[in-house]
Amino acid sequence: MTPSEMKDAILHHLVYTLGKDAATAHVYDWRMALSFAVRDRIVDRWFAATRRTYGSNLKRVYYLSLEFLIGRLLKDAIVNMRLEEAATGALKELALDYREILEDEPDAALGNGGLGRLAACFMESMSTIGLPAMGYGIRYENGLFRQRFEDGRQIEEPEDWLSQRHAWEFERPEVSIDIGFGGHVQEIGSRANWYPSEMLIAMAHDTPVIGWKGRWGNTLRLWESRPMHGFDLARFNRGEYAAAAEPEALARTLSRVLYPDDHTEQGKELRLKQEFFHTAASLRDIIRRFESEYDDLKLLPKKAAIQINDTHPAIAGPELVRILHDERGMDFEEAVGIARATLSYTNHTLLPEALETWGEARMGRLLPRHMQLIDRIDDLHRRETGTHSLNAHQDGKVHMGTLGFIMAHKVNGVAALHTELMKSTVFKELHELHPDRIVNETNGVTPRRWLLSCNPRLSGLITDTIGEDWVDDLEQLEKLEAHADDSAFVDAFLAAKRANKVDLSQWIAETLKVSVDPDSIFDIQVKRIHEYKRQHLNLLETIAHWQEIRDNPNADWVPRVKIFGGKAFPNYIYAKEMVRLANDMATVMNSDPLTSRYLKVVFPPNYNVSLAERLIPAADLSEQISTAGKEASGTGNMKFTLNGALTIGTLDGANVEIRDLVGAENFFLFGMTAAEVMERRKEGGHAARAIAEDPRLGRALEAIRSGIFSPDEPGRYHSITENLTHHDYFMVCSDFTDYWRAQREVDAAFTDRKQWTRTAVLNTARAGWLSSDRTIRGYMSDIWHAEPATEGDVAAG
Ligand code: 26W
C-alpha cells in the first residue's frame, strides 16, 4: 500500500465513516480515520483465517482470562501489517504528526499487571504462529484506574476508555447468551435442572488480533453484560425514574469495572459473579461452535483446548461438567473425564492471599448446582486417588486452586523456579498424587510490541545487521553476539540507547518538570507496587546513596536517575505509602544542591502499557529485586533484557533463566535464594540483626523515621520503618547489604561505557528464548496438542 493510497483511504473514512471535513477535523478524527483505513486491511486477513479455521477440522485453543492488558492497538496493527511507511507517508502528505495521532489513543487497560499483559502477548503470538485460537475476556467499561498524584499521594480516577468510540471492536448482538445466578435446583437422579432466580445477558464484542505480516488473524471476544429486560417503562410512568433504570444499571455492573486488586483476593460477591458470567458465556459459546461442526461431545478434547488463566475462570470445571452431564445427558464420570481432558490451568502466584477461595454459603447461594457438582467432583477424585483430605470444598470454603488442579489434565507454572515451588509448596500433596500433571511453561513477551514497535532505533540497527527474520524467529538475535566486539556496532548500539534516553529526558522535563542527564544511569523499577516486589528496598538504597553523596559531594559519583512507576491496589495502604515516600524523596533529593546533579528520582504517574513502551527502550538498569520465591516469573525483566538493559536482581522467577541465558557475568546478582529466605525467616529478629550489622541501613531507616522526607509530618512513614525493623517478612533488611554491594558494582561497571554496552549487546543477543512465540509453542506441544493452520500466508487464501 502506498502513502497516497493510505491517504485516500484515510480521507474516505474521515468523510464517510466519521462524517468530518478535513478542514474541521481534530486529532481524534484523524486517528479514527487512520484506524479504520488500517482496519479495513486487517478484516480481510481476519476473515480469511476464520474461514480457513472453519474449513479445516483443526483443534482450536481457547484462552479464558478475566484480564487482557492490551494497551494501544493502532501502532501494533500498523507494524504487524507492515503499513508504517504508508501511514507515516500519508500523514506527512496531510501535514499531520504521526506520534501525536498515535498518542491520542487511550490504552485498553483491561488488566492489572503481569497476568493480563501476558494474555495480550499470548494472543499476538498465537496469531503470529497461525494457531486457530480465541481469547475470551470481559469488556470492562472502566479499565484499571487512572493514577495521579496529589501532594505525592496516589489518587485513583475512573479509566472510562469507552467514553470515546473504540475503533478496534465489532459488536456482535447475535452472540447474546443468557446467564443465570441463584435460584434453586431440581435433582432428577444424577442430573438436575437449575432454575436461576436472576438472569442477564452476555453480549459479545469482537476485536481482531492480527499476527506478524498479517499472516493470520484470531478473535478476542469480550463480553458485555446487559439486562434481560431493559428499562422498566411502567415504573417510569409511575415516576419511579431511578427504579425504572435499576434493572439495567444492576445488569451492567458485571462489566462495569475491572477489579483493581492484583494479588489479594477480596472475596467480593460481584467478583464471583463476574468470574461466572465470563466463564459461563465463554463455555456456552465454545460448545455452540463445537456442536455446529461436530455432533459427538466425546470429541471435545480433540477439537478444543481451554486454558484457564489463573483461578479466576476456574469455575469452568463444574460449569463444563454441568453442561455435559445435566444438559447433554453425558454420564457424570465421563463428563468429568471429558472436561478434564479439555481444560488446563495456569498458576501465576504462590502468595497465599492471592489464592482464591469462596465461602460455601456464597457459592451455594449464587451457584447452587455448581456447589453440588463440586462436592461430586471431590467425591470422584477421592475415589480415583484413594485420598480423603484433598478436596476443593474444605473447611467451609471452595479452594479454586485445588478445583482448577483437579479439573485440569495439565497445570503449569510460569517459570522454572516457580513451577518447582508449586510442586514443593501449594500443590505438594496434589503433585504427589498426580506426578505428571504439573509442567513448566516459562513466560515470554512479544518482540513485535516490545522491541520492533517500541524501540525502532535498536530494532532498525538489528535488522541492518542480521536481517529481519528475528521479528518472528527471535533466537536469531544470537547472531548479534558476533558483533559484540565490533566497535562500530557497539557504538551504534550505544547511540541508539542514548537517543532513546534523550527522548525520555525531554518527556520527563516536559511532563514532570524535572531535568535529568541522559548520560547518567537510567535505573528503572516499573511494576505494580507490592511489598514482595520490594520497591522499598530500592528506596532505602537510594537514601543511603544520597546520604553518602551528601557526606562527600565532591567525589566523582556516577550520576544516576532512579525511575519508579506503578500503581498500588487502592486498599493496599502500605503500598500507597511506598508510593508517597518515593514522591517525597523525589521532592527533597531533586532540589538538593549537594546531590541533585548525581542523583535524581522521578515517578511518572499512571504507569501502563504505553508508558512502559516509552520507558523500557531508555533503560540502562532493570530492577528485578523481589524476595526470592515470591515473583512467579516477571515479564518486565524480559522486556528490559530484550531492549539492552542490564538486570540487577535476585534468583527469583524468570530472573534465574534470564541469568542462565545472558551469562552470570552479564547479570548483577544479589540476595538470598528462596531456600535461604525460608531458612532466615525461621530466625527471629532477622531484621534487627541486619540493621545492627549494617550502619548504612540503620542510617537510611533513621532518615525516614526522623521525617527528613516529610518534615511537616515526621511520623508519616512510621508503619514502613516499624514494619521493616520488627517484621520485614519480605527480607528487605537482610538483603540490603548485598543489594548495596551490587549497586556499587553497577556504578563501577557503568564508568566503562564501551564494556557496559558490550554486555548490553550480549543481553539482547541472548534474549531470543524470551519470546512469547517460544512460550506458545511450549503450550502447543506440552498442553494443547494443537497445530498451526498456516503454512504460508492466508492472504494467499
Ligand atoms: C484475586 C486477586 C488476584 C488478581 C490477580 C490475584 C492474583 C492475580 C494475578 C495472578 C497476579 C499476577 O498478575 N501475577 C503475575 O503473573 C505474571 C504472568 O505470569 C508473572 O510474570 C508475575 O510474576 C506474577 O506476579
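About the criteria used
Residues numbered from 1 in each chain as written. Predicted model: local features only at pLDDT ≥ 70, side-chain atom pairs only at ≥ 80, totals over all residues. Heavy atoms only, no water. 1 Å grid on protein atoms, 1.4 Å probe; cavity = no way out; pocket = protein on both sides within 12 Å on 5 of 7 lines; lining within 4 Å. Points joined across faces, edges and corners; volume = space filled by probe spheres on them. Helix = DSSP H or I, 4+ residues; strand = E, 2+ residues; numbered from the N terminus. Nonpolar A, V, L, I, M, F, W, Y, C, P; charged D, E, K, R; others polar. Near = heavy atom within 4 Å. Polar contact = N/O pair within 3.5 Å; in protein donor to acceptor, adjacent residues only side chain to side chain. Areas by Shrake-Rupley, 256 points an atom, 1.4 Å probe, with all protein chains shown as cover. Sits in = over half its atoms within 2 Å of the grid points.

Caption draft 1: View of the layout of surface pockets. Looking at the largest pocket, its volume works out to about 1,100 Å³. Forming the boundary of the largest pocket are 38 residues, of which R72, R99, E103, S610 and R614 lie nearest the centre. Secondary-structure elements contributing two or more residues to the lining of the largest pocket are α3 (74–80), α5 (98–102), β5 (143–150), α18 (447–453), α19 (456–466), α20 (487–512) and α23 (609–615). Its residues placed into classes, the lining of the largest pocket shows 14 nonpolar, eight polar and 16 charged.

Caption draft 2: Quick look at empty space enclosed by the protein. Tallying each qualifying case throughout the model produces eleven cavities of 30 Å³ or more. Considered as a void within the structure, the largest cavity measures approximately 880 Å³ in volume. Around the largest cavity, the lining is made up of 50 residues, and of these N112, G113, G114, L115 and D262 lie nearest the centre. Broken down by element, the residue count for the lining of the largest cavity peaks at four residues, all from helix α6 (residues 114–129). Residues belonging to the lining of the largest cavity are distributed by class as follows: 16 nonpolar, 20 polar and 14 charged. Of the volumes computed, that of the second largest cavity is approximately 220 Å³. For the second largest cavity, the lining is made up of 18 residues, of which I70, L73, D76, P208 and V209 are closest to its centre. Elements with a minimum of two residues in the lining of the second largest cavity: β2 (68–71), α3, α6 and β10 (198–210). Considering only residue class, the lining of the second largest cavity consists of twelve nonpolar, two polar and four charged.

Caption draft 3: How the structure looks around the site of the ligand. If you check the shell around the ligand, you find 22 residues, and the closest are H348, N443, E631, S633 and G634. Between the ligand and L115 there is a distance of 3.0 Å, counted from an oxygen atom to a backbone nitrogen or oxygen. At 2.8 Å from an oxygen atom of the ligand is found a main-chain nitrogen or oxygen belonging to G634. Within the complex, the protein chains bury 98% of what would otherwise be the 570 Å² of accessible surface of the ligand. One can see that the ligand is located within the largest cavity. Top contributing element to the shell around the ligand by residue count: α6, with three residues.

What is shown is where atoms sit, not what they do.
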